[in-house]
Amino acid sequence: AQSVTQLDSHVSVSEGTPVLLRCNYSSSYSPSLFWYVQHPNKGLQLLLKYTSAATLVKGINGFEAEFKKSETSFHLTKPSAHMSDAAEYFCVVSDGAGGYNKLIFGAGTRLAVHP
Amino acid sequence: AAGVIQSPRHLIKEKRETATLKCYPIPRHDTVYWYQQGPGQDPQFLISFYEKMQSDKGSIPDRFSAQQFSDYHSELNMSSLELGDSALYFCASSLPRPSGRTDTQYFGPGTRLTVL
């Protein structure tokens, strides 16, 4: 079975400093991995996805993630945090190799950005 | 660009009542997924439909049922509501790729159900 583990439940950074949100996955085959962001009382927005193309994936709002098979990791990074980045971030794996598979969410990491 | 539409956005019900949540997928998306997100929890998969047929089932209570209609919209019917059903219910849609990678699921804004 597929699963993801987000290593930090809360991350706090200062505005303008780098962001690192850590995620490890477990999968019996090459997975499809995603990062979604959820702002307070809002829906889920896709930040980026990995689907076996380039291992370094660039997303929206300056975020990127690197798929590392040897480390089974898919960490999310951003060079410089902005106040508007404060939100809940979910690392997500697709369960299955077919075309319509449910998503399995990590427990989430709450990112706080301080002035 | 058109997004996933969910209605209603907010719903308040009493215990033992019924509720119907609606989801309108992005045009040309024929796969729909339902997720439940409890307070402070991550979203949990409930059920999905592809071409109007149930394609997968997760931790959906027997009190809940869902279907997808000919225009691809989907409805989640919830009966005998319990306090624990209070949650944010998301619908997502995608284009299926049966022979390839999972396509991206695009989420609607959610329906917040409160059971009193």
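What you are looking at is a predicted structure, and each value in this text was computed from that prediction instead of being measured.

Rules and cut-offs
- Residues take numbers from 1 onward in each chain, read along the sequence in its written order.
- Chain labels run from A onward and ligand labels from 1 onward, assigned in the order the entries are written.
- Reporting of local features is limited, given that this is a predicted model, to residues whose pLDDT is at least 70; pairs of side-chain atoms are given and counted only at 80 or more, and all residues count toward the totals for whole chains, interfaces and linings.
- Side-chain descriptors were evaluated using all non-hydrogen atoms of the structure, hydrogens and water having been removed beforehand.
- Each helix is a run of DSSP H or I of at least 4 residues and each strand a run of E of at least 2, with the numbering of both proceeding from the N terminus.
- Here the globule rule is a power law, 2.2 Å times the number of residues to the power 0.38, and the radius of gyration is based on C-alpha atoms.
- Here the term buried applies to any residue with accessible area under 20% of the maximum for its type, exposed to any over 50%, and partly exposed to those in between, with areas from a 1.4 Å probe on protein chains only.
- In what follows, residue pairs with any heavy atoms lying within 4.5 Å of each other are defined as contacts.
- Areas reported here follow the Shrake-Rupley algorithm with a probe of radius 1.4 Å; residue values treat only the protein chains shown as occluding.
- We treat two strands as partners when DSSP finds at least two bridges between them.
- Note on disulfides: each one is a pair of cysteine sulfur atoms within 2.5 Å.
- Only buried residues count toward a nonpolar core, which is a set of Ala, Val, Leu, Ile, Met, Phe, Trp, Tyr and Cys residues joined through side-chain atoms within 4.5 Å.

Caption draft 1: Representation of the overall build of chain B in the model. Along its length, chain B carries 0 helices and 11 strands. Along its sequence from the N terminus, chain B presents helices and strands in the succession β-β-β-β-β-β-β-β-β-β-β. In terms of overall dimensions, chain B is globule-like: its C-alpha atoms have a radius of gyration of 14 Å, near the 13 Å expected for 116 residues. Along the three orthogonal principal directions, the C-alpha set of chain B runs to about 45 × 30 × 30 Å. Looking at the 116 residues of chain B, the share that counts as buried comes to 47%. For chain B, restricting intrachain contacts to residue pairs at least 6 apart in sequence, the fraction spanning at least 24 positions comes to 54%. Of the accessible surface of chain B, which amounts to about 5,600 Å², a share of 49% is contributed by carbon and sulfur atoms.

Caption draft 2: Summary view of the pairing of strand β9 (residues 73–78) of chain A. Residue and element names in this part refer to chain A. Strand direction decides the pairing type here: strand β3 (residues 19–21) and β9, joined by 3 bridges, are antiparallel. Pairing of L20 across the sheet is with T77, part of β9. Of the strand pairs in this sheet, strand β8 (residues 64–68) and β9 are connected by 5 bridges, and their pairing is antiparallel. Across the sheet, residue E64 finds its bridge partner in β9, namely T77.

Caption draft 3: Local environment of the state of the cysteines. All names here are of chain A. Applying the stated criterion across every chain, the model contains 2 disulfides over all chains. At a sulfur-sulfur separation of 2.0 Å, the disulfide partner of C23 is C91. The sign of the -65° torsion about the S-S bond sets the C23-C91 disulfide as left-handed. Here C91 lies in strand β10 (residues 87–94) and C23 lies in strand β4 (residues 23–26), a separation of 68 residues in the sequence.

Caption draft 4: Representation of the nonpolar core within the structure. Counting residues in each nonpolar core, the largest one holds 26 residues, and the members touching the most others are W35(A), L48(A), F74(A), L76(A) and Y89(A). At 4 residues, β10(A) tops the list of elements feeding residues into this core. Counting 22 residues, the second largest nonpolar core, distinct from the first, contains I47(B), F64(B), A66(B) and L113(B).

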